[in-house]
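What the coordinates show
Here are the chains, one letter per residue:
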Amino acid sequence: MTVQRHVAVMACVLAATALFTAFCHDQFLLSLAFTGLIFAVLGQSWNWISGYAGQVSFGHALFFGTGAYASALFATHHGSPWLALACGAAVAVVLALLVGFPCFALRGHYFSIATIAVAAIAEIVVVNTDALGKANGFELPILPPGLASLQFAGKAPYVLVALVLFAAAQIATVALEHSRTGYYLRAIRANQEAAASVGVDARAVKVTAFAGAAAFAALAGSLYAQQTLFVDAESTLGLSVSIAIALVGVVGGIGTVWGPPLGAFVYTFLARYVAALYGGHGRGFDLLLYGALILAIVSVQPEGIAGIARRFRART
Amino acid sequence: MDVGPLPQLIVSGILTGLLFALISVGLTLIFGVMDVVNFAHGEFLMLAMYATFGLGLIGLNPILALPVVVVAMFVLGALVYRFFVKRLLAGPPEAVVFGTFGLLVFLQGAAQFFFTSDYRSVLNPPFSGTLHLGGIAIGEAQLAAGLGALVLIAAIFGFVEYTEPGRALRALSEDRVAAQLMGIDVQRMNAFAFGLGIACTGAAGALLMLTYQAYPRIGTEFALTAFVVVALGGFGSVHGVLLGALLVGLVEVLGGYYIAPALKMLPVYALYLAVVFLRPQGLLGRR
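What you see is a predicted model, and the numbers here were worked out from it, not measured in a lab.

Observations concerning unusual backbone geometry
Even without a glycine there, the phi angle at H78 of chain A is positive, about 60°. By the secondary structure assignment, H78 of chain A is in the loop between α3 (61-76) and α4 (81-103). What makes H78 of chain A exposed here is its relative accessible area of 76%. The phi torsion at D35 of chain B lies on the positive side, around 60°, for a residue other than glycine. One can find D35 of chain B in the loop between α1 (6-34) and α2 (41-57).

Below, the structure written as structure tokens:
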């Protein structure tokens with residue numbers, strides 16, 4: 001897609017979401033929209049490294065959790081949530097550099113399993129550290145609503161804040177696609193040896209994208225914590241969160257600008273809304289549906305929903 | 001010198017390791033023959049455990065259920081290859097990772113939906129006593145599971161080493177193109193290897209039900225351990241698996257005792273990272 005087209009689609013999505021937020025008074029639907037936007041940002045940031053660069057990570061929750069814990073720690077120690085956003089993102093970037101540098105020497109499944117191991121280690125450490133709330137986690141104190149506390153009375157303002165982050169992530173992705181780094185990432189995915197032979201420093205490029213992705217995931221984690229006002233290890237760092245993030249990307253279509261948001265929309269609709277209608281959480285209906293969707297997509301349409309859209313466009 | 005519980009822990013670690021080896025040998029077989037890392041491996045194990053539980057309901061204890069479960073899992077594995085994995089292999093390189101991962105999510109969701117999250121244990125465990133050997137107390141069930149695993153691993157080694165289909169499997173993992181030129185039917189052998197790999201989880205699942213309980217997420221725990229084992233032994237190396245599994249079993253049991261039970265997986269993951277960073281071909285793997 002050309003930049004103009006991205007801008008047009010972006011404007012439509014923003015306008016539609018803003019209108020929906022303004023006129024919808026159903027708090028459940030609004031919280032679904034919030035979840036959808038958060039997962040869109042998570043899926044998109046995962047897509048940078050696992051889609052564009054083809055390095056499949058199953059540990060992206062590490063950065064989401066970093067942001068969520070930053071918010072929880074700042075809130076319980078009377079810090080500003082805005083500072084928490086900044087610090088969470090900064091810590092996530094540092095973590096991404098520390099983790100990324102050794103891990104990007106690995107390829108294929110070695111890398112994927114290493115990301116699982118790193119996130120699992122983080123979860124074990126958090127669950128056994130007093131200062132991080134152990135397995136109980138944190139309940140964030142309820143503060144007077146407003147932009148200063150980043151807490152609001154209804155769900156609508158949260159949706160709008162998440163929408164801003166989503167827009168930023170989309171713009172960053174379009175910019176990445178058209179940047180030198182973006183071309184390098186795709187070159188690495190296609191053939192790392194060939195890319196290296198023409199002077200692409202594969203590891204440096206991957207670590208750079210990883211750090212940027214980590215920052216976005218941490219920001220999403222902070223906003224998530226501000227909205228749910230509860231943070232614990234399993235719901236922010238657990239393997240199931242990393243799986244959900246990866247699935248959002250795969251279903252939507254990896255290596256595309258609009259795949260992850262589409263995947264996030266389908267994920268929240270299927271996993272949260274339909275599952276809430278039939279059986280609710282804990283019964284695994286959401287996983288069952290989502291797993292079936294993945295199986296269908298991977299074996300019939302490996303490019304995800306965005307791939308179907310592309311094929312359709314190519315025909316018309 | 002008083003060695004304290006060390007001998008006890010070592011025995012326990014070895015018995016645990018033998019079960020890890022049985023699970024991991026399936027994973028490494030599949031990887032060696034067709035370059036597929038089966039992320040759903042643990043979920044097949046979970047299914048086998050439920051199957052053993054189900055057969056227990058009609059009166060078969062886990063040992064009697066084992067052959068039935070093994071055959072059923074072999075057939076299931078071959079079918080999954082034929083109708084799913086084969087398609088993934090024809091797709092882009094990430095398709096295999098995403099596909100088997102999707103299978104993980106699907107099977108786990110299905111188990112949770114149909115069997116609920118409750119823990120299930122067999123109602124008629126054939127072994128329940130404890131053996132005391134020179135100060136070491138071993139649960140009979142644990143011993144039976146470990147020895148059963150040892151026998152089956154030996155059988156698989158023998159099969160891979162000395163039989164015609166075993167030679168074909170090895171030929172495929174050495175050089176796929178050459179094997180094909182020698183008249184080996186790759187698709188048939190792939191299906192066979194996938195079935196065999198999943199049959200290993202069938203045997204392990206039945207043996208595990210002697211001491212463990214089945215629940216929908218149990219597979220993930222064992223699968224993560226199996227990845228570490230396989231990485232330690234070198235992906236695709238059948239012999240490396242036994243060494244890796246015993247190491248991981250000991251690390252897990254000793255770590256759980258001397259560090260803290262809550263931290264027992266920490267050294268296992270750390271071991272994985274150390275191995276892939278420092279010796280990516282594994283302890284016995286080829287480059």
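Here the narrative resumes, following the displayed structure.
Describing the packing of helix α2 (residues 27-52) of chain A against helix α7 (residues 180-190) of chain A
Residue and element names in this part refer to chain A. Close contact between α2 and α7 brings their axes to 8 Å; oriented N to C, the two are set at 45°. Considering the angle they form, α2 stands oblique to α7. Residues W48, G51 and Y52 of α2 form the contact with α7, whose participating residues are L185, R186 and R189. Counted by class, the contact of α2 with α7 contains 3 nonpolar, 1 polar and 2 charged residues.

Comments concerning the packing of aromatic side chains
Applying the stated criterion to the full structure yields 24 aromatic pairs over all chains. Between W48 of chain A and F216 of chain A the ring centres are 5.8 Å apart and the planes differ by 70°, which places this aromatic pair in the edge-to-face class. On the criterion of sequence distance, the pair formed by W48 of chain A in helix α2 and F216 of chain A in helix α9 (residues 202-228) is long-range, its members being 168 residues apart. The class of F216 of chain A is buried, set by a relative accessible area of 15%. Considering the side-chain rings of F104 of chain A and F210 of chain A, the 5.0 Å spacing of their centres and the 85° angle between planes classify their relative orientation as edge-to-face. Of this pair, F104 of chain A sits in the loop between α4 and α5 (108-127) while F210 of chain A is found in helix α9, placing the two residues 106 residues apart along the sequence. Judged by its relative accessible area of 3%, F210 of chain A falls in the buried class. Taken together, F58 of chain A together with F39, F101 and F227 of chain B form an aromatic cluster joined through their ring pairs. Sitting above the plane of the Y183 of chain A ring, R186 of chain A keeps its charged end 4.8 Å from the centroid. Directly above the ring of F83 of chain B sits R82 of chain B, whose terminal nitrogen or CZ lies 5.1 Å from the centroid.

The rules we used
Residues numbered from 1 in each chain as written. Chains lettered and ligands numbered in written order. Predicted model: local features only at pLDDT ≥ 70, side-chain atom pairs only at ≥ 80, totals over all residues. Heavy atoms only, no water. Helix = DSSP H or I, 4+ residues; strand = E, 2+ residues; numbered from the N terminus. Buried < 20%, exposed > 50% of the residue type's maximum accessible area, 1.4 Å probe, protein only. Axes fitted to C-alpha atoms, helices over the stretch in contact; angles between N-to-C directions. Parallel < 35°, antiparallel > 145°, perpendicular 65-115°, else oblique. Contact = heavy atoms within 4.5 Å. Nonpolar A, V, L, I, M, F, W, Y, C, P; charged D, E, K, R; others polar. Phe/Tyr/Trp six-rings, centres within 6.5 Å; stacked < 30°, edge-to-face > 60°. Lys NZ or Arg CZ within 6 Å of the ring centre and 35° of its normal.

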